[in-house]
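Given next are the chains, with one letter for each unit.
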Amino acid sequence: MTLSDVVYVCLGLGALGAAVLPRVVSRRPLSLPMVFLAAGVLIELLPVGVPAVDPVRDRLWVEHTTEVCVIVSLMGAGLAIDRPFGWRRWSSAWRLLGITMPLTVAAVALLAWGLLDWPPAAALLLGAVLAPTDPVLAGEVRVGEPLGTERDEDEVRFSLTSEAGLNDGLAFPFVYAAIALAAAAGTGWSADWIGSWALTDLLGKCAVGLAVGGGIGWLLGWMFFRARAPELRLSEHMEGFVALGATFVSYGITEVLHGYGFLAVFVTACVIRAAERSHGYHKVLHEFTEQIERLLTAVLLFLLGGYLVAGALSALTLLGAVVAVVVLLVVRPLTGWLAQSRTAMGKKERAVVAVFGIRGIGSLFYLSYALGQDPFGGLERELWAVVALTVVLSVVLHGAMASPAIGHLDRRRDSAELGGRS
């Protein structure tokens, strides 16, 4: 038996598992990411010789694989949202983006600086990397497929999905701020970078992402549903792989123009969705992206499990573990609750939104990207240890809690509706 034979077996079992497991774990205190994470740990423990991926050594591979997984999931999330865009309709998303995200960046950076004694640039990077929630691992708490029932897009599911879709792009300015701060520290402390960062990385690249994403979404929406030539009206042919084309075109053009591709992909998906909101083609596109996302997630979580066994946490200190736990159990719940303090949601709904800030593949991408720009004082292993532990804890904790929590809210809502009718 050769190594390639083992890899083929793992790939085959992974693909089959990605198809079967979502139905098996449905409504149970278990999730697909938890299963694949455990499988990665198990395979690495067995004497079969499967090599573990090291994100420091294999940084470029990790960066691009996680990048593809995130943009595919962003397209799927945007296509799934039925709610029309609007400042009031999306108010819960704006609160989470405008309050929870910057407060999380600041709180995590202060923890890393104060507890871990990391330099400000590395501390800010950790805050930026762990601030965005994840559209990839949030399957149990995000909206259902397009044209679903009202339950599939209640305020809790919508808040968490829209937040994850947008903050994966809006984390980039904070990452660039950390990179700029690291460069400034290496050449002598200076605040000269702040002006160019605010103008270019904060405002300019966000504007490019929004404009390109909206423009490509409008053009593709017109082509899919209203083009005169039937060859261009792809909605009549019901081919799901078109979603990948839309994803890569939107992301690639935005990145070429030096904008935020993550933001553009989500905006593109939302605009395509709005072009013909009730058309069944959205289901086809969403189902295809969901299948690709599930496969990529299986591979990445499997590799993360192997990395855990191979020494991911060897550089972890007790205080680093404390930071990871505090991020999930204190920082996110407090900042999430604060953002929702004046919304119409009940206390239990607000609690679920506050707690379920899932960390995952997006954090892995941002860290690998940033470390390709600067070594951050040789703290690569320490950064990976804290981030890996945070993601693993999020996968286990949120994966076990998601189905029971959402199921409780659904039953509570059903009981209230039955009581109202009687």
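What you are looking at is a predicted structure, and each value in this text was computed from that prediction instead of being measured. (Residues numbered from 1 in each chain as written. Predicted model: local features only at pLDDT ≥ 70, side-chain atom pairs only at ≥ 80, totals over all residues. Heavy atoms only, no water.)

### Remarks on the overall build of the chain
Right, so step 1: Each helix and strand in the chain was counted, giving 15 helices and zero strands.
Right, so step 2: Relative to its full complement of 422 residues, the chain shows a buried share of 53%.
Right, so step 3: Here the chain has roughly 18000 Å² of accessible surface; of this, 67% comes from carbon and sulfur atoms. (Helix = DSSP H or I, 4+ residues; strand = E, 2+ residues; numbered from the N terminus. Buried < 20%, exposed > 50% of the residue type's maximum accessible area, 1.4 Å probe, protein only. Areas by Shrake-Rupley, 256 points an atom, 1.4 Å probe, with all protein chains shown as cover.)

### Comments concerning the packing of helix 3 (residues 59-80) against helix 9 (residues 242-256)
Each pair of packed helices gets described by two things: the angle between the helix axes and the distance between those axes.
Right, so step 1: Running from N to C, helix 3 and helix 9 cross one another at 115 degrees; their axes reach a closest spacing of 10 Å. By the angle class used here, helix 3 and helix 9 are roughly perpendicular. Considering how the two elements wind past one another, helix 3 and helix 9 form a crossing that is right-handed. Where helix 3 approaches helix 9, its residues Glu-67, Ile-71, Val-72 and Met-75 are matched on the opposing element by Ala-243, Leu-244, Ala-246, Thr-247, Phe-248 and Tyr-251.
Right, so step 2: Looking at the contact of helix 3 with helix 9 residue by residue, the class counts come to eight nonpolar, one polar and one charged. (Axes fitted to C-alpha atoms, helices over the stretch in contact; angles between N-to-C directions. Parallel < 35°, antiparallel > 145°, perpendicular 65-115°, else oblique. Left-handed = near helix turned anticlockwise from the far one by under 90°. Contact = heavy atoms within 4.5 Å. Nonpolar A, V, L, I, M, F, W, Y, C, P; charged D, E, K, R; others polar.)

### Concerning the pattern of salt bridges
Right, so step 1: All chains considered together, the criterion is met by 10 salt bridges.
Right, so step 2: Here Glu-290 and Arg-294 are joined by a salt bridge, their closest N and O atoms 3.9 Å apart. In this pair, Glu-290 and Arg-294 both sit in helix 11 (residues 281-312), four residues apart, roughly one turn of the helix.
Right, so step 3: The class for Glu-290 is partly exposed, based on a relative accessible area of 28%. (Salt bridge = Lys/Arg side-chain N within 4 Å of Asp/Glu carboxyl O.)

### Some points on a nonpolar patch on the surface
Right, so step 1: There is a patch of nonpolar side chains on the surface, built from Leu-115, Leu-318, Leu-319 and Val-322 and spanning about 350 Å² of accessible area.
Right, so step 2: Relative to the helices and strands, Leu-318 resides in helix 12 (residues 318-339). (Patch = residues over 30% accessible without salt bridge, like charges linked within 9 Å, V, L, I, M, F, W, Y side chains within 5 Å.)

### Regarding the packing of aromatic side chains
Right, so step 1: This model, assessed by the stated rule, comprises 23 aromatic pairs.
Right, so step 2: When the ring of Phe-172 is compared with that of Tyr-176, the centres are 5.4 Å apart and the planes differ by 20 degrees; the resulting orientation is stacked. With a gap of four residues between them, Phe-172 and Tyr-176 both fall in helix 7 (residues 172-186), about one helical turn apart.
Right, so step 3: Clustering of aromatic rings is evident, with ring pairs tying together Phe-172, Tyr-176, Tyr-251, Tyr-260, Phe-262, Phe-365, Tyr-366 and Tyr-369. (Phe/Tyr/Trp six-rings, centres within 6.5 Å; stacked < 30°, edge-to-face > 60°.)

### Here's the deal with the nonpolar core
Right, so step 1: Trp-118, Leu-125, Leu-126, Val-175, Phe-224, Phe-376 and Leu-383 are the most contacted members of the largest nonpolar core, which totals 102 residues.
Right, so step 2: In terms of residue count, helix 7 provides more of this core than any other element does, 10 residues in total.
Right, so step 3: Grouped together as the second largest cluster of nonpolar side chains are 14 residues, Leu-96, Val-141, Ala-339 and Met-345 included. (Core = buried A, V, L, I, M, F, W, Y, C linked by side-chain atoms within 4.5 Å.)

### Regarding the side chain of His-286
Right, so step 1: Of note, His-286 is situated in helix 11.
Right, so step 2: Residue His-286 is classed as buried on the basis of its relative accessible area, which comes to 7%.
Right, so step 3: Once residues lying within four places of it in the same chain are set aside, the contact partners of His-286 are Gly-76, Leu-79, Ala-80, Glu-145 and Pro-146.

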